[in-house]
Amino acid sequence: MQNCNSPVVVALDFNDAQKAQQLVSQLTPADCRLKVGKEMFTLFGPEFVKSLTSKGFDVFLDLKFHDIPATTAKACLAAANLGVWMLNVHASGGVNMMQTAKNLLQDNFQNPPLLIGVTVLTSMDDQDIQSLGIQRSAGEQVIHLAGLAQQAGLDGVVCSAQEASALKSEFGQDFKLVTPGIRPEGADVGDQKRIMTPKKAISSGSDYLVIGRPVTQADNPKAVLDAINQSLNLA
Ligand SMILES: O=c1ccn([C@@H]2O[C@H](COP(=O)(O)O)[C@@H](O)[C@H]2O)c(=O)[nH]1
């Protein structure tokens, strides 16, 4: 597998596999990693994931499993068997659920994929969190759920870059921070609420920047990706 020179993970959210493959054909595994989420996995399944890993890309399978511990763990094992680099579960599933998944991966792989806990979706703000009956700010809830994820032995969390610096101080440099809600200056925010620019996210402590529409919907996605990588002094 080729080493990736960039922290960018391009979110392939397409309803057309050919369009996704057309974009992928312009990229190399050195330029970025790729994320497959619920839409593409539901439409095109494991074969689509394998088509990306077979080209040498590190793939983040973003299915955000959340179920009883045994079901979640077996789903994670099935995902890991696709050869993905990273997969995730909802941290709000609790320590037992996360730990059971982590243990099953460790029992079955010498080098298991990274297992990451989703904290608070980047499309949610304080008001959204409080409407769920949670008496914390979004940032406080992220810290709380990240603590559960670390207790369960997970490799890190999905959070917004706005929480990155607090999370690195609290949980250490090795605890991976995967941050969607990344928007280059002037890009359409869409449904994201807790956002940050790529450069600021990296300086705040993000390890991986998940970027979808600003790249995939651009007239020239490769040029946008190159510009982001250059802004990070990586390309
Ligand atoms: O909290 C989260 C967790 C996952 N996502 C996913 O990341 C991408 C972001 O895409 P953009 O087009 O850059 O907004 C998308 O696939 C989400 O499902 C997230 O945004 N926030």
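Residues numbered from 1 in each chain as written. Predicted model: local features only at pLDDT ≥ 70, side-chain atom pairs only at ≥ 80, totals over all residues. Heavy atoms only, no water.

The protein is annotated in an unreviewed UniProt entry as Orotidine 5'-phosphate decarboxylase of Catenovulum sediminis. Annotation of the protein in UniProt includes, under Sequence similarities (unreviewed entry), the sentence "Belongs to the OMP decarboxylase family. Type 1 subfamily." The UniProt entry for the protein carries the following text under Subunit (unreviewed entry): "Homodimer." (UniProt positions renumbered as here; feature names shortened; annotations may be inferred.)

## Focus on the site of the ligand
With respect to spatial proximity, 16 residues lie near the ligand, and among them D13, K35, T122, Q192 and R213 are the closest. Between the ligand and the protein, one listed contact pairs a nitrogen atom with a side-chain N or O atom of T122 at 2.7 Å. Side-chain polar atom of R183 to an oxygen atom of the ligand: 2.8 Å apart, as the coordinates give it. For the shell around the ligand, the elements supplying multiple residues, two or more each, are β3 (59-65), β8 (208-211) and α9 (213-216). Grouping the constituent residues of the shell around the ligand by class yields 7 nonpolar, 3 polar and 6 charged. (Near = heavy atom within 4 Å. Polar contact = N/O pair within 3.5 Å; in protein donor to acceptor, adjacent residues only side chain to side chain. Helix = DSSP H or I, 4+ residues; strand = E, 2+ residues; numbered from the N terminus. Nonpolar A, V, L, I, M, F, W, Y, C, P; charged D, E, K, R; others polar.)

## Some thoughts on the UniProt feature "active site" (unreviewed entry) in the protein
The UniProt record annotates "active site" (unreviewed entry) at K64. Within the secondary structure layout, K64 lies in strand β3. Not counting the four nearest positions on each side in its chain, K64 is found in contact with K38, N88, V89, H90, V118 and L121. (Contact = heavy atoms within 4.5 Å.)

## Considering the pattern of salt bridges
Summed over the entire model, instances satisfying the criterion amount to 11 salt bridges. One salt bridge in this structure joins K102 and D155, with 3.1 Å as the shortest N-O distance. Of this pair, K102 sits in helix α4 (residues 95-108) while D155 sits in the loop between α6 (138-151) and β6 (156-158), and the two are 53 residues apart along the sequence. Judged by its relative accessible area of 8%, K102 falls in the buried class. Relative accessible area serves as the criterion here: at 21%, D155 is assigned to the partly exposed category. One salt bridge connects E163 with R194, and the closest N-O pair in it is separated by 2.8 Å. A residue pair is termed long-range when its members are at least 10 positions apart, and E163 in the loop between β6 and α7 (164-171) and R194 in the loop between β7 (176-179) and α8 (198-204) qualify at 31 residues. Assessed through its relative accessible area of 5%, R194 is described here as buried. Through salt bridges with shared partners, one network takes in D31, K222 and D226. (Salt bridge = Lys/Arg side-chain N within 4 Å of Asp/Glu carboxyl O. Buried < 20%, exposed > 50% of the residue type's maximum accessible area, 1.4 Å probe, protein only.)

## Details of the sheet that holds strand β5 (residues 114-118)
Strand-to-strand pairing in sheets goes through backbone hydrogen bonds, with the strands running parallel or antiparallel. Within the closed barrel, the 8 strands sit side by side as β1-β2-β3-β4-β5-β6-β7-β8. Their pairing is parallel. With direction set aside, neighbouring strand axes in the sheet form an average angle of 25 degrees. Bridge count for strand β1 (residues 8-12) against β8 is 3 bridges, and the pairing is parallel. Residue pairing in the sheet places V8 in a bridge with L209 of β8. (Pairing = 2+ DSSP bridges. Axes fitted to C-alpha atoms, helices over the stretch in contact; angles between N-to-C directions.)

## Considerations on the nonpolar core
Of all hydrophobic cores here, the largest spans 62 residues; its most connected members are V10, L12 and L34. Ranked by size, the runner-up nonpolar core spans 12 residues in total, among them V9, M86, L114 and V158. (Core = buried A, V, L, I, M, F, W, Y, C linked by side-chain atoms within 4.5 Å.)

## Quick notes on the packing of aromatic side chains
Tallying each qualifying case throughout the model produces 3 aromatic pairs. Both rings, one in F44 and one in F48, keep their centres 6.3 Å apart while their planes meet at 55 degrees; by these two values the pair is tilted. Residue F44 and its partner F48 are both found in helix α2 (residues 38-53); the two are separated by 4 residues, about one turn of the helix. Ring centres of F171 and F175 lie 5.6 Å apart, and the angle between their planes is 50 degrees; on these two criteria the pair is classed as tilted. The buried category is assigned to F175, whose relative accessible area is 4%. Residue placement shows R33 over the ring face of W85; its charged tip is 4.7 Å from the ring centre. (Phe/Tyr/Trp six-rings, centres within 6.5 Å; stacked < 30°, edge-to-face > 60°. Lys NZ or Arg CZ within 6 Å of the ring centre and 35° of its normal.)

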